[in-house]
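Next come the chains, spelled out residue by residue.
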Amino acid sequence: MKQRSIGTTQVGAIGLGGMPMSIEGRPDTDRSVRTIHAALDAGVTLIDTADAYHLHADEVGHNETLIAQALASWGGDTSGVLVATKGGHLRPGDGTWTVDGSPTHLREAVEGSLKRLGVDAIGLYQFHRPDPKVPYADSVGTLRDLLDEGKIRQAGISNATVDQIRQAQEILGGRLVSVQNQFSPAFRSSEPELELCDELGIAFLPWSPLGGISRAAELGTRFAEFDRVAEAHGVSPQRVTLAWMLAKSERVVPIPGASRPESIRDSAQAAELTLTDEEFTRLDRAA
Ligand SMILES: NC(=O)c1ccc[n+]([C@@H]2O[C@H](COP(=O)([O-])OP(=O)(O)OC[C@H]3O[C@@H](n4cnc5c(N)ncnc54)[C@H](OP(=O)(O)O)[C@@H]3O)[C@@H](O)[C@H]2O)c1
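What counts and what doesn't
- Residues numbered from 1 in each chain as written.
- Predicted model: local features only at pLDDT ≥ 70, side-chain atom pairs only at ≥ 80, totals over all residues.
- Heavy atoms only, no water.
- Salt bridge = Lys/Arg side-chain N within 4 Å of Asp/Glu carboxyl O.
- Core = buried A, V, L, I, M, F, W, Y, C linked by side-chain atoms within 4.5 Å.
- Buried < 20%, exposed > 50% of the residue type's maximum accessible area, 1.4 Å probe, protein only.
- Helix = DSSP H or I, 4+ residues; strand = E, 2+ residues; numbered from the N terminus.
- Near = heavy atom within 4 Å.
- Polar contact = N/O pair within 3.5 Å; in protein donor to acceptor, adjacent residues only side chain to side chain.
- Areas by Shrake-Rupley, 256 points an atom, 1.4 Å probe, with all protein chains shown as cover.
- Nonpolar A, V, L, I, M, F, W, Y, C, P; charged D, E, K, R; others polar.
- Axes fitted to C-alpha atoms, helices over the stretch in contact; angles between N-to-C directions.
- Parallel < 35°, antiparallel > 145°, perpendicular 65-115°, else oblique.
- Left-handed = near helix turned anticlockwise from the far one by under 90°.
- Contact = heavy atoms within 4.5 Å.
- Pairing = 2+ DSSP bridges.
- Phe/Tyr/Trp six-rings, centres within 6.5 Å; stacked < 30°, edge-to-face > 60°.

Undergrad: Summarise the pattern of salt bridges; cite the residues concerned and give the values.
TA: Using the criterion set out here, one finds 20 salt bridges in the structure. The closest approach of N and O atoms between E191 and R188, which form a salt bridge, is 3.0 Å. Taken together, the salt bridges that share partners define one network made up of R188, E191, K248 and D284.

Undergrad: Tell me what's going on with the nonpolar core, and back it up with residues and numbers.
TA: Core analysis: the largest hydrophobic core is formed by 50 residues, its most contacted members being I152, I157 and I165. Counting residues per element, this core draws most heavily on helix α9 (residues 237–248), which supplies six residues. Among the nonpolar cores identified, the runner-up in size contains 19 residues, and L16, V83, A258 and I264 belong to it.

Undergrad: Outline the site of the ligand, listing residues and values.
TA: Taken together, 30 residues lie near the ligand, and D48, L210, S259, R260 and S263 sit nearest. Note that an oxygen atom of the ligand is positioned 3.5 Å from one of the backbone N or O atoms of G17. Within the complex, 91% of the 900 Å² of free accessible area of the ligand lies under protein. Considering every element that reaches the shell around the ligand, the biggest residue donor is helix α10 (residues 261–268), with three residues. Broken down by class, the residue content of the shell around the ligand amounts to 11 nonpolar, 14 polar and five charged.

Undergrad: Kindly report on the packing of helix α3 (residues 103–117) against helix α4 (residues 136–149), identifying the contributing residues and their values.
TA: One way to put it is that α3 packs onto α4 with a least axis distance of 9 Å and a crossing angle of 40 degrees. As judged from the angle between their axes, α3 and α4 are oblique. Where α3 crosses over α4, the two elements pack in a sense that is right-handed. Every residue of α4 that contacts α3 at P103, L106, R107 and V110 is listed here: D138, S139, T142, L143, D145, L146 and E149. Of the residues that constitute the contact of α3 with α4, the class distribution is five nonpolar, two polar and four charged.

Undergrad: So, the sheet that holds strand β4 (residues 46–48): which residues are in play, and what are the values?
TA: As summarised here, the arrangement of the seven strands in space is β3-β4-β5-β8-β9-β10-β11, forming an open sheet in which the pairing is parallel. Looking at strand neighbours, the two that pair on one side only are β3 (16–17) and β11 (203–207), the edges of this open sheet. Both β3 and β4 contribute to a ladder of two bridges, which runs parallel. Looking across to β4, one finds that G17 is bridged to D48.

Undergrad: Can you explain the side chain of T49? Please cite residues and give values.
TA: Along the polypeptide, T49 turns up in the loop between β4 and α2 (62–74). Judged by its relative accessible area of 0%, T49 is buried. Excluding residues that lie within four positions of it along the chain, T49 makes contacts with N63, E64, I67, V83, A84, T85 and K86.

Undergrad: Can you lay out the packing of aromatic side chains for me, pointing to particular residues and giving the numbers?
TA: In this structure the tally under the stated criterion is six aromatic pairs. Look at Y53 and W97: their rings are 6.3 Å apart centre to centre, the planes differ by 80 degrees, and that puts the pair in the edge-to-face class. In this pair, Y53 sits in the loop between β4 and α2 while W97 sits in the loop between β6 (89–90) and β7 (98–99), placing the two residues 44 residues apart along the sequence. Residue Y53 is classed as buried on the basis of its relative accessible area, which comes to 6%. The class for W97 is partly exposed, based on a relative accessible area of 33%. On the basis of an interplanar angle of 85 degrees and a centroid distance of 6.2 Å, the ring pair of F183 and F204 is categorised as edge-to-face. Within this pair, whereas F183 is found in the loop between β10 (176–182) and α6 (191–200), its partner F204 is found in strand β11, the two being separated by 21 residues in sequence. A relative accessible area of 0% places F183 in the buried class.

This is the structure we're talking about:
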């Protein structure tokens, strides 16, 4: 698979989002493991997860545990796989998502993720979402301290504004390597953050790139231009969407979610799909 950079790490241009395998509607463990193995077989070397990807209150880190299990049972060399996790979101078990960006919580969260992933240091740790009750500088300052202590190898942020990206870059002393924001044909408002990442040389990881778990299947019917280009290439509109994102900037590394091997196999091939300039312009205007 074509490669892209996240900080000092090279990863396949298409990553795997782990969330659909651990929240509402998740499949059984066997299908999840087969999905992660299919991703690895296809050359995926970035897997995005979070300690908050779970359903019930007593299973924090369900997705991290699943990924660690799938990596261990794959059979190939996984030393080049970057598992990117996150902290700062919580799921109390009633279907809601809450936030805690306090240094105390983030430190506890990192310890839990280290154990579940079975590593000495986390390859990429992302602050999941700003907590209005905690100064942003305190949350990101904790990531800086964790970097200095060697608990995390690289630091990223998620759901960040342009100002927060600049602030985080300053607090981390130029060591911010990634920003993970929502971005898809249906959700374009992160374009300023994408452009800033491009300018600063920071990886931009679009989340819900296909419109989210419940809407990904309708992408072609909702966005006719993506369907037309897909038909011309004889591929899925989902694959065209990911190829369009890759063409926007060398810094983009989409992380489409999957709960079936077929989905990630199809998405992974977006890395090799080249759009003409004319197609790119049509999609960029249509999205
Ligand atoms: N930072 C944040 O706040 C945040 C928020 C949300 C998500 N995320 C991350 O971003 C990742 C991606 O977002 P998402 O999972 O919400 O939504 P998504 O990637 O837009 O859509 C996921 C769904 O797309 C389907 N799909 C994937 N590839 C396909 C293809 N080639 N053809 C047809 N269908 C395809 C999958 O179906 P099947 O299930 O049938 O395989 C999956 O359920 C998450 O998994 C998570 O890691 C981060």
